[in-house]
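Here is how the chains run, residue by residue.
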Amino acid sequence: MFTGIIEDIGDIKSIKHEGDSAVLVIHSSKIMDDVKLGDSIAVNGVCLTARSISGNEFTADVMAETLRRSSLGALKPGGKVNLERAMQLGGRFGGHIVSGHIDGTGTIVSMKREANAVWVEISADSKILKLIIEKGSIAIDGISLTVAYVDDKVFKVSVIPHTASETTLLMKKVGDIVNLENDTIGKYVEKLLQPFNEQSSRKNDKKSVSLETLIESGFM
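Residues numbered from 1 in each chain as written. Predicted model: local features only at pLDDT ≥ 70, side-chain atom pairs only at ≥ 80, totals over all residues. Heavy atoms only, no water.

**Side note on the side chain of Thr-66**
Logical step 1: Within the secondary structure, Thr-66 is located in helix α1 (residues 64–69).
Logical step 2: In contact with Thr-66, not counting residues within four places along its chain, are Val-46 and Leu-72. (Helix = DSSP H or I, 4+ residues; strand = E, 2+ residues; numbered from the N terminus. Contact = heavy atoms within 4.5 Å.)

**A few points about the sheet that holds strand β8 (residues 117–124)**
Logical step 1: One closed barrel accounts for six strands, arranged β7-β8-β11-β10-β9-β12; its pairing is antiparallel. The sheet shows a mean angle of 45° between the axes of neighbouring strands, direction not considered.
Logical step 2: In this structure, strand β7 (residues 104–114) lies alongside β8, joined through eight bridges in antiparallel fashion. Residue pairing across strands places Met-111 opposite Val-120, the latter belonging to β8. (Pairing = 2+ DSSP bridges. Axes fitted to C-alpha atoms, helices over the stretch in contact; angles between N-to-C directions.)

**Digging into the nonpolar core**
Logical step 1: Val-43 and Phe-58 are the most contacted members of the largest nonpolar core, which totals 22 residues.
Logical step 2: The set of elements that each furnish at least two residues to this core consists of β1 (8–18), β2 (21–27), β3 (40–43), β4 (46–54), β5 (57–62) and β6 (80–85).
Logical step 3: For Val-43, the contacting residues outside a window of four places in its chain are Ile-26, Leu-48, Phe-58, Leu-72, Val-81, Asn-82 and Leu-83.
Logical step 4: Judged by nonpolar contacts, the second largest core, of 20 residues, contains Ile-108, Ile-138, Ile-140 and Val-157. (Core = buried A, V, L, I, M, F, W, Y, C linked by side-chain atoms within 4.5 Å. Buried < 20%, exposed > 50% of the residue type's maximum accessible area, 1.4 Å probe, protein only.)

**Some remarks on a nonpolar patch on the surface**
Logical step 1: A cluster of nonpolar residues, Met-1, Met-87, Phe-93, Ile-97, Ile-185, Val-189, Leu-193 and Phe-196, forms a patch on the protein surface that exposes about 740 Å² of accessible area.
Logical step 2: Taking the relative accessible area as the measure of exposure, Val-189 reaches 42% and is therefore partly exposed. (Patch = residues over 30% accessible without salt bridge, like charges linked within 9 Å, V, L, I, M, F, W, Y side chains within 5 Å. Areas by Shrake-Rupley, 256 points an atom, 1.4 Å probe, with all protein chains shown as cover. Salt bridge = Lys/Arg side-chain N within 4 Å of Asp/Glu carboxyl O.)

**Topic: the packing of aromatic side chains**
Logical step 1: Counting across every chain of the model gives zero aromatic pairs.
Logical step 2: Directly above the aromatic system of Tyr-149 lies the positively charged group of Lys-156, at a separation of 5.1 Å from the ring centroid. (Phe/Tyr/Trp six-rings, centres within 6.5 Å; stacked < 30°, edge-to-face > 60°. Lys NZ or Arg CZ within 6 Å of the ring centre and 35° of its normal.)

**Considerations on the sheet that holds β6**
Note on sheets: strands pair through backbone hydrogen bonds, and any given pair is parallel or antiparallel.
Logical step 1: Read around the closed barrel, six strands run β1-β2-β5-β4-β3-β6, paired in antiparallel fashion. Geometrically, the sheet is characterised by an average inter-axis angle of 45° between neighbouring strands, direction not taken into account.
Logical step 2: In this structure, β3 lies alongside β6, joined through three bridges in antiparallel fashion. Bridge pairing links Ile-41 to Arg-85 in β6.

What follows is the structure, encoded as structure tokens:
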């Protein structure tokens, strides 16, 4: 489990594609002091497992499903990634609950400066947008951010200088792909409400073939 508060910007030392999977080697100057084999590390918001460690570098396997759902397959040696170790119990919880399990990707539509902040507009699939609420939280490449605007095509966040300096988000450009993870609580609420929504839908279907609608349609 993560918080979306990025600890370091790591460097991709290598990425080796092996069929439908890949192996990443990442360098970090800040987080490796207590990383152990098997630890979970969020890489651009994707939860990966450190399979080997050498100095300030760790190696992680990326399965085919992760490559399909995220932007990790597009990484290249020399690229930058956001890094966060799994949160510790008893520490400050500065962001929101982030699982590191990506729901999909979005595309940066525009980036516009306003005073000391930068507005970032991102388009996404409807299945992701329906779980985004204004003033709610979303993880973009693993960064916990507050949604300032959302409609049925895009959402927007406003990036403050500290977030800009400590993450890779403003290193991106229009057209770039980013990893998106919806708020976990919203996903659970949607799942729990599904039986009620289906029941309501069935009731509406019954109403659509009532005596009144049959008469209106000329069957009686």
